[in-house]
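Observations on the three-dimensional arrangement
One letter stands for each residue in the lines below.
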Amino acid sequence: MHNKKTPFFISWLIALLGITGFSHTQAAVDVNAVYKQHCGECHGQDRLGSIGPALLPQNLKRLRKKAAFKVIKNGRVASQMLPFKEKLKDEEINALVELIYTPLKEVPAWGWDEIKASQIVTHKPGELPDKPKFKADIWNLFMVVELGDHHATLLNGDTFEPIHRLKTRFALHGGPKWAENGRYIYFASRDGWISKFDVFNLTYVAEVRAGINTRNLAVSHDGRYVMVANYLPHNLTLLDARDLSPIKVIETKGEGGKTSRVSAVYTADPRNSFIAAMKDIKEIWEISYADNPPAGFTGWEHSYNEVTGDVVKPDPFPVRRLGLDHYLDDFLMDQEYIQIIGTSREGHGQVVDLDVGKPLYKMDIAGMPHLSSGITWNYQGKPVLATPDMRRGIVSVVDMESWKTIKEIKTKGPGFFMRSHENSPYAWVDVFFGPHKDLMHVIDKQTLEIVKTLKPEPGKTSAHVEFTKDGKYAIVSIWDPDGAIIIYDAKSLEEVKRLPMKKPSGKYNVYNKLTRSAGTSH
Ligand code: DHE
């Protein structure tokens, strides 16, 4: 502390302030004000999350303080997290890191009672007519989410005319899920609101707040249940799809009692189960919604009360926990719903066999693939999967038998979403990040070469493609407050029509989603 350049008195004063716990940097930084100004809008003024995740020690277990410092300074790849190095000094960032690792005095309880109390039922099940208020092929409807002003547009997929525009909850995330042949659609917002919209009657029928900070939702293929994946609290919430009444709150506690955020939940139709990926424990969970779950699910075995001899009813919606070698941050399932293909952000690719109940293969894939937007098709008689990489300008094509990468297709920058259709020879991938974000590549699925690069709206991000039911048209989003959706002829790759929209993000076609097309996510 005392060196030749520092006068003795100043060294002594600094040492004294240090001993008394009074740090001159901390004194200078009003961390609460810094948080309010720069972080609160996205992460919630209460740190419980909003557009961005909750910033609490229990949600930051996999992030060391040093890494958190870097994220604040340099931003985070593949997220809305911007770099703050131009706006904040290092000591301000350090103070923010200390703040977010300090537990809140109280995290609001959000269990079954709170969920139930938040439920809003505007129309009871069966109350509204079973006939659509409009004329259209229901199987070719699209729901387009417009993040710009928190709305969604119901679009006729034959005429490309909007049918209805509805207000949504703030900051939807993950795909809204269609159910009952397109009669209903369910939305999830990042702050936990689940909304059920009656498409035939163009009205919401029920809403509930299923969590404080939510990732996504899944609807069982029989339309009976909705499962919600939460970051906060650490749980999965099962809802009755009819009116969104809570049925069960499942705490996500792993081996050894450690709880975990849930990264995402999906349905595995032929298995009558939900599959949930955990963020903080090396496990993947299968939750059965079958009336008679098969063996292997904890809590399902019949047992007898030792005193009365009565049969004890087994636990409904039992859980099967599969241990993994690595964390699983991102995954997709094969079309048969037997294999889970996943990666950790650290780059470990693993293939878990749901029948066998453990990881069976290592997948040889580099970088940071975005598997939840990966797609599959047949290439030279073999199934392959293709995924963009969120860090590098490549699309990786992986042989699903040897689990080796057979080709890295060079793109103009890292991408986010990739889509195709059974009737299309092409796969489309965006260039979401970097200077070429206004480009969209079209890849030939048999030569694995880029055949065309489109520039739908120069200077504006083009992202996320979805096809019509028959695969004849592909719709691209211009991801901008003053944006649009652009309809392309999927064969000639010529523009057919554009409709102005406010930062349209994902779009969801009834047929492609409900038939679980290999060209899209489900
Ligand atoms: Fe997403 C889907 C995870 C950031 C827009 N995103 C998903 C899914 C997962 C996921 C697991 C699949 C769930 C589903 O569809 O039910 N997303 C993550 C992240 O971990 C990540 C990188 C960081 C985070 O902030 O959570 C992330 N996602 C974003 C964004 O920044 C995007 C671009 C803008 C936004 O809305 O926040 C974004 N994610 C989307 C969209 C889908 C999605 C539009 C649905 C795609 C589909 O076609 O189904």
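My aim in this report is to walk through the structure given alongside it, one point at a time. Computed from a predicted model, the values in this text were never measured in an experiment. (Residues numbered from 1 in each chain as written. Predicted model: local features only at pLDDT ≥ 70, side-chain atom pairs only at ≥ 80, totals over all residues. Heavy atoms only, no water.)

**Let's talk about the site of the ligand**
Operational definition: One heavy atom within 4 Å of a molecule or strand is enough for the residue carrying it to be called near that molecule or strand. N or O atoms closer than or at 3.5 Å make up a polar contact, with two conditions inside protein: a donor-capable atom paired with an acceptor-capable one, and, for residues adjacent in sequence, both atoms drawn from side chains.
The environment of the ligand is made up of 24 residues, and the closest members are H173, K177, R190, R419 and H464. The side chain of R419 places a nitrogen or oxygen atom 2.7 Å from an oxygen atom of the ligand.

**Some points on the coordination of the iron atom of the ligand**
Quick reminder of the rule: Only nitrogen, oxygen and sulfur atoms qualify as donors, provided they sit within 2.8 Å of the metal or within 3.2 Å for Na, K and Ca; with water excluded from the atoms, sites may seem incomplete. By the criteria applied, helices consist of DSSP H or I runs no shorter than four residues and strands consist of E runs no shorter than two, each listed in order from the N terminus.
Exactly one donor from the protein chain reaches the iron atom of the ligand: H173 (NE2), at 2.2 Å. Take H173: it is sitting in the loop between strand 4 (162–167) and strand 5 (177–179).

**Notes on helix 3 (residues 31–38)**
A turn of α-helix holds 3.6 residues, and therefore any two residues three or four places apart point the same way. Applicable threshold: Exposed residues in this analysis have more than 50% of their type's maximum accessible area, buried residues have under 20%, and partly exposed residues fall in between, with area computed by a 1.4 Å probe over protein chains only. Note that the arc is computed from the directions linking the helix axis to the C-beta atoms. Contact definition: two residues touch when any of their heavy atoms are within 4.5 Å.
Among the residues of helix 3, V31, V34 and Y35 are the ones counted as buried. Buried residues of helix 3, seen end-on, are gathered within an arc of 100° and therefore sit on one face of the element. Those residues of helix 3 that are exposed and angled more than 90 degrees off the buried face are N32, K36 and Q37. On its buried face, helix 3 sits against helix 4 (40–43) and helix 6 (90–100).

**So, the packing of helix 3 against helix 6**
For any two helices packed against each other, one specifies the inter-axial angle together with the distance between the axes. Short version of the rule: Throughout, an axis means a line fitted to C-alpha atoms (over the contacting stretch in the case of helices), and angles, computed between N-to-C directions, take values from 0 to 180 degrees. Just so you know how the angles are binned, under 35 degrees is roughly parallel, over 145 roughly antiparallel, 65 to 115 roughly perpendicular, and the rest oblique. Side-chain classes are defined by residue name, with Ala, Val, Leu, Ile, Met, Phe, Trp, Tyr, Cys and Pro counting as nonpolar, Asp, Glu, Lys and Arg as charged, and the others, Gly among them, as polar.
Look at helix 3 against helix 6: their axes get within 9 Å of each other, and the N-to-C directions meet at 90°. Put simply, helix 3 runs roughly perpendicular to helix 6. From helix 3, V31, N32, V34 and Y35 reach across to helix 6, where they touch E92, A95, L96 and L99. Classifying every residue of the contact of helix 3 with helix 6 by side-chain character gives 6 nonpolar, 1 polar and 1 charged.

**Details of the nonpolar core**
Put simply, the test is: As used here, the term nonpolar core means buried Ala, Val, Leu, Ile, Met, Phe, Trp, Tyr and Cys residues forming a set that is joined through side-chain atoms within 4.5 Å. Annotation comment: domain bounds sourced from an automatic or database domain assignment.
Judged by nonpolar contacts, the single largest core of 22 residues is most densely connected at Y186, I194, L217, V226, V228, L239 and L244. Mapped onto this core, the elements with two or more residues apiece are strand 6 (184–188), strand 8 (203–209), strand 9 (213–219) and strand 10 (225–232). Residue-level mapping places this core at the junction of two domains, with at least three residues from each of domain 1 (8–100) and domain 2 (111–281 + 283–323). Apart from the residues within four sequence positions on either side, L244 is in contact with Q119, Y186, I194, S195, K196, A206, E207, V208, V226 and L239.

**Section: the side chain of S50**
Locating S50 in the fold gives a position in the loop between helix 4 and helix 5 (65–74). On the accessibility criterion, S50 (12% relative accessible area) is buried. In this structure S50 touches E41, C42, H43, G44, F170, R190 and N213, once residues within four positions along its chain are discounted.

**A short note on the sheet that holds strand 15 (residues 283–288)**
Strand pairing in a sheet is mediated by backbone hydrogen bonds. Such pairs are either parallel or antiparallel. Under the convention used in this document: DSSP bridges decide pairing: two strands pair if at least two such bridges lie between them.
Taken in spatial order, the 4 strands line up as 13-14-15-18 in an open sheet, and their pairing is antiparallel. The open sheet has two edge strands, strand 13 (262–268) and strand 18 (319–323), and neither has a second partner. The mean angle between the axes of side-by-side strands here comes to 20°, regardless of whether they run parallel or antiparallel. Relative to strand 14 (residues 273–278), strand 13 runs antiparallel, the two being bridged by 6 bridges. Paired with V262 across the bridge in strand 14 is M278.

**Remarks on the environment of L166**
The topology assignment puts L166 in strand 4. As for L166 and L154, which are separated by 12 residues in sequence, their C-alpha atoms are 8.1 Å apart. Look past the residues within four positions of L166 in its chain and what remains in contact with it is M143, H151, A152, F187, F197 and Y204.

**Structural notes on the packing of helix 5 against helix 6**
In plain terms, the rule: Throughout, a crossing is termed right-handed when the near helix is turned clockwise from the far one, and left-handed when it is turned anticlockwise from it by less than a right angle.
Direction vectors running N to C along helix 5 and helix 6 enclose 125°, while the axes themselves pass 9 Å from each other. One finds that helix 5 runs oblique with respect to helix 6. When the axes of helix 5 and helix 6 are compared, the crossing they make is right-handed. Counting all contacts with helix 5, which are made through K65, A68, F69, I72 and K73, the residues of helix 6 involved are D90, I93, N94, L96, V97 and E98.

**Side note on the state of the cysteines**
Keep this limit in mind: Two cysteine sulfur atoms make up a disulfide if the distance between them is within 2.5 Å.
Evaluation of the coordinates by the stated rule reveals 0 disulfides. Not part of a disulfide, C39 finds its nearest cysteine sulfur in C42, a span of 9.0 Å.

**Observations concerning the packing of aromatic side chains**
Note the cut-off: What counts as a ring pair is set by centres within 6.5 Å for rings of Phe, Tyr and Trp (its six-membered ring), and what kind of pair is set by the plane angle: stacked under 30 degrees, edge-to-face over 60, tilted for all other angles. Placement of a charge over a ring requires the Lys NZ or Arg CZ to be within 6 Å of the ring centre, with the centre-to-atom vector within 35 degrees of the ring normal.
If you walk through the whole model with that rule in mind, you get 18 aromatic pairs. Taking the centre distance of 5.0 Å and the plane angle of 85° together, the rings of Y266 and F331 count as edge-to-face. With Y266 in strand 13 and F331 in strand 19 (residues 330–333), this pair connects stretches of sequence that are 65 residues apart. Aromatic side chains F432 and W479 sit 5.1 Å apart centroid to centroid with 90° between the ring planes, which places their arrangement in the edge-to-face category. Of this pair, F432 sits in the loop between strand 28 (426–430) and strand 29 (440–444) while W479 is found in the loop between strand 32 (473–478) and strand 33 (483–489), placing the two residues 47 residues apart along the sequence. Here F432 matches W479 in class, with each residue buried. Among the aromatic residues, those joined into a ring-pair cluster are F416, F417, F432, F433 and W479. In this structure, R209 packs its charged tip against the face of W110, placed 5.4 Å from the ring centre.

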